[in-house]
Amino acid sequence: MSWKPEYPGMPLTIPAFPGTVSLHYMDNSSSPRRVAVLGSSGSIGQSSLEVIAKSKGQLVPLLLSVHRQTDILAQQLRQLSPEHLPRWIAVTDETADRSPLEEFAKNIEIAVGHEALCELVRHRDIDIVLSAIVGSAGLTSTLAALESGKTVALANKESLVMGGKLLTDLAQKHGGRLIPVDSEHSAIMQALCSWRMEFADATVRRSVDDLGIAKIILTASGGPFRTKSQPELENVSVAEALAHPTWKMGKKITIDSATLMNKALEIIETRWFFDVPAEKIDVVIHPQSLIHSMVEFIDGSVIAQMSPPDMRLPIQLALYYPHRVLGIASKIDWTKMQSLELYPPDFDRFPALLLGLEVAASGGTAGAVINAANESAVSAFLAGRLPFLDIVKVCRLVLEHHHFESAPTLEQLLAIDRWARGEVERFVDRR
Ligand code: MG
């Protein structure tokens, strides 16, 4: 076997961002922030446009991109007032039908293809890039943004899972920043900021030890199958897996929430966002999805961030970062009784969690393999070609058979991504 988990020595630096900057209120005199929304037709993209629309001109959409869903993009453009139309739109799939966008061709420049999108992302007029493309397809545009020193509001966790070291190194080298949009990581950022307010200078890197972090505790709703027994899990249908109890999200992430692979990917994301070793990351099941994650400090104090499950809050915080503004997301109703349950996860029924911890510990190519294998396996499950429990099973199989590289280049990551997808396809075909 060429791959085995290990705990390499951690460099102990906080990458280009958190724990080092305090959050504060934004005053009205601040100049508008020009935003690129990559993946605007998806669930995060649509919520981002709501946040932008409510910003009273403080956030301006300069670039919107979709892969194929040009009809949704056209609809979104029709809802914007003429003075807030973006300067550019991009369609990354060259074969997509662009006719719904024809009515805007006079006023907006239309770019086609991934490379054209990467070119636009680098434009100096863009202040912040919201990376919300689903899956590994988001990697190259995220890299382009970081290479040009941009602030990236990262909803595309897959790019950090695939190339965590590459992304954080690039951000540091070019002065770019990675701000989390994922609700758990937004919670961790807020817990860290509230603890060390005096670290107002983002250029000062603090180690995990300096920050006094004992543990980062990710919360997981447990998904739709939280209470199902092992035998019951064998025969769950696609429709059952798509019915998430608390969050309304896209298909891929909803299946990831049912297998808890989403939490596994978030463990890996945490390792890179906050530069914490895997052994300091824990998961607890919290079905109400009110606590979005917690940080435990060395003195035993735990700081948690709470809000209803509504992605508009972390999106708003990331787009205005490091400022807090009046919220448009729903708020907790304190006149009603809330119950909060927290309990440890069942690693036997949800083995994806162990995979996440192992991959976070080993780094290198392991993240790209698990991400690609999972994307392929989820597609096969959605197409009715793979049973639910085999999603995680095939991920482990492919991970254990891959040729591990500890410091892969982008080319190596993309090659191993293709290899892992091919392996899953072969597994599915053999069944
Ligand atoms: Mg999340």
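Our subject in this report is the structure included herewith.

So, how was this worked out
Residues numbered from 1 in each chain as written. Predicted model: local features only at pLDDT ≥ 70, side-chain atom pairs only at ≥ 80, totals over all residues. Heavy atoms only, no water. Donors = N, O, S within 2.8 Å, 3.2 Å for Na, K, Ca; no water. Pairing = 2+ DSSP bridges. Helix = DSSP H or I, 4+ residues; strand = E, 2+ residues; numbered from the N terminus. Axes fitted to C-alpha atoms, helices over the stretch in contact; angles between N-to-C directions. Phe/Tyr/Trp six-rings, centres within 6.5 Å; stacked < 30°, edge-to-face > 60°. Buried < 20%, exposed > 50% of the residue type's maximum accessible area, 1.4 Å probe, protein only. 1 Å grid on protein atoms, 1.4 Å probe; cavity = no way out; pocket = protein on both sides within 12 Å on 5 of 7 lines; lining within 4 Å. Points joined across faces, edges and corners; volume = space filled by probe spheres on them. Nonpolar A, V, L, I, M, F, W, Y, C, P; charged D, E, K, R; others polar.

To continue, consider the coordination of the magnesium ion. Those donors, Asp182 (OD), Glu184 (OE) and Glu266 (OE), are the protein atoms that reach the magnesium ion, and they lie 2.1 to 2.2 Å from it. Each donor residue of the magnesium ion lies on one chain, and together they are spaced D-x1-E-x81-E.

A few words now on the sheet that holds strand 10 (residues 281-285). Strands pair in a sheet through their backbones, by hydrogen bonds, and they do so in one of two ways: parallel or antiparallel. Read from one edge to the other, the open sheet built from 4 strands follows the order 10-9-11-12, with strand pairing classed as mixed. Only two strands of the sheet have a single partner each, and these edge strands are strand 10 and strand 12 (302-306). With direction set aside, neighbouring strand axes in the sheet form an average angle of 20 degrees. Where strand 9 (residues 213-220) and strand 10 come together, 5 bridges link them in parallel fashion.

Following the criterion strictly, the structure yields 3 aromatic pairs and no others. With a centroid separation of 5.1 Å and an interplanar angle of 90 degrees, the aromatic rings of phenylalanine 225 and phenylalanine 388 are classed as edge-to-face. You can see phenylalanine 225 sitting in the loop between strand 9 and helix 7 (230-234) and its partner phenylalanine 388 sitting in the loop between helix 13 (366-382) and helix 14 (390-400), a full 163 residues away along the chain. Assigned by exposure class, phenylalanine 225 and phenylalanine 388 land together as buried. Geometrically, the ring pair formed by phenylalanine 273 and phenylalanine 274 is tilted, given 5.8 Å between the ring centres and 40 degrees between the ring planes.

What follows deals with empty space enclosed by the protein. Counted by the stated rule, this structure contains 2 cavities of 30 Å³ or more. By volume, the largest cavity amounts to about 70 Å³. For the largest cavity, the full set of lining residues is Leu233, Thr259, Arg349, Phe350, Pro351, Phe388, Leu389 and Val392. Considering only enclosed or pocket space, the second largest cavity measures out at about 60 Å³ in volume. Lining the second largest cavity we find Ser183, Ser186, Gln190, Trp247, His292, Gln305, Ser307, Pro308, Asp310, Leu313 and Pro314. When residues of the lining of the second largest cavity are traced back to their parent elements, those giving at least two are helix 6 (183-195) and helix 11 (312-320). Sort the elements by how many residues they give to the lining of the second largest cavity and helix 6 lands first, with 3 residues. Among the residues making up the lining of the second largest cavity, the classes are represented as 4 nonpolar, 6 polar and 1 charged.

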